[in-house]
Amino acid sequence: MPELRFTEQARKQYKALTGPQKQFVDQGLDNLKQDTRSISQEIVQKELKMKIRIRREDSIIVVEEITAGGFEKTEQNSQAIKRAKSWNN
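Residues numbered from 1 in each chain as written. Predicted model: local features only at pLDDT ≥ 70, side-chain atom pairs only at ≥ 80, totals over all residues. Heavy atoms only, no water.

(A) Molecular detail of the overall build of the chain. Helices and strands together make up the secondary structure of the chain, namely 3 helices and 4 strands. Starting at the N terminus and ending at the C terminus, the chain contains elements arranged as β-α-α-β-β-β-α. Entry remark: accessible area of the chain is about 6400 Å², with carbon and sulfur atoms responsible for 47%. (Helix = DSSP H or I, 4+ residues; strand = E, 2+ residues; numbered from the N terminus. Areas by Shrake-Rupley, 256 points an atom, 1.4 Å probe, with all protein chains shown as cover.)

Take a look at the structure:
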């Protein structure tokens, strides 16, 4: 099974993700590690507006960049945040 490495930029981007975003990244990278024939350079999830850019080096998968575009700014997420705050009052 290939080894997984993150660039410093990708590591910071991963730490800034929300729970569902991290779950998508983890599942996508697990799939890449198991599928040794895949030549994917990107994994895309349209609903979360996310993209993971990777490169393969022999038996190493390098995560170069994780892009999470605007999920936090959606109306649906804003409503969820308001509901969660009202539960805590």
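Once the structure has been displayed, the description carries forward.
(B) Expanded view of the pattern of salt bridges. Overall, the coordinates contain 6 salt bridges when judged by the stated rule. The residue Glu 42 makes a salt bridge to Lys 51 at a minimum N-O spacing of 4.0 Å. The class of Glu 42 is partly exposed, set by a relative accessible area of 39%. For Arg 53, the salt bridge is made with Glu 65, and the minimal N-O distance between the two is 3.0 Å. With Arg 53 in strand β3 (residues 50-57) and Glu 65 in strand β4 (residues 60-68), this pair connects stretches of sequence that are 12 residues apart. Judged by relative accessible area, Arg 53 falls into the partly exposed class, the value being 32%. The partly exposed category is assigned to Glu 65, whose relative accessible area is 23%. When salt bridges with common partners are traced through the structure, they connect Arg 53, Arg 55, Glu 57, Glu 64 and Glu 65 into a single cluster. (Salt bridge = Lys/Arg side-chain N within 4 Å of Asp/Glu carboxyl O. Buried < 20%, exposed > 50% of the residue type's maximum accessible area, 1.4 Å probe, protein only.)

(C) How the structure looks around the sheet that holds β3. Read across the open sheet, the 4 strands follow the order β1-β4-β3-β2; overall the sheet is mixed. Each edge of the sheet is formed by a strand with only one pairing partner; in this case those strands are β1 (3-6) and β2 (42-45). On average, each strand axis in the sheet is inclined to that of its neighbour by 25°, with strand direction left out of account. Of the strands in this sheet, β1, β2, β3 and β4 are in contact with helix α2 (residues 19-34), which crosses β3 at around 30°. (Pairing = 2+ DSSP bridges. Axes fitted to C-alpha atoms, helices over the stretch in contact; angles between N-to-C directions. Contact = heavy atoms within 4.5 Å.)

(D) Representation of the packing of aromatic side chains in the model. Going through the model one piece at a time under the given rule, you end up with 1 aromatic pair. A ring pair is formed by Phe 6 and Tyr 14, whose centres lie 5.8 Å apart and whose planes are at 55°; its orientation type is tilted. (Phe/Tyr/Trp six-rings, centres within 6.5 Å; stacked < 30°, edge-to-face > 60°.)

So yeah, pure geometry; function would need other evidence.
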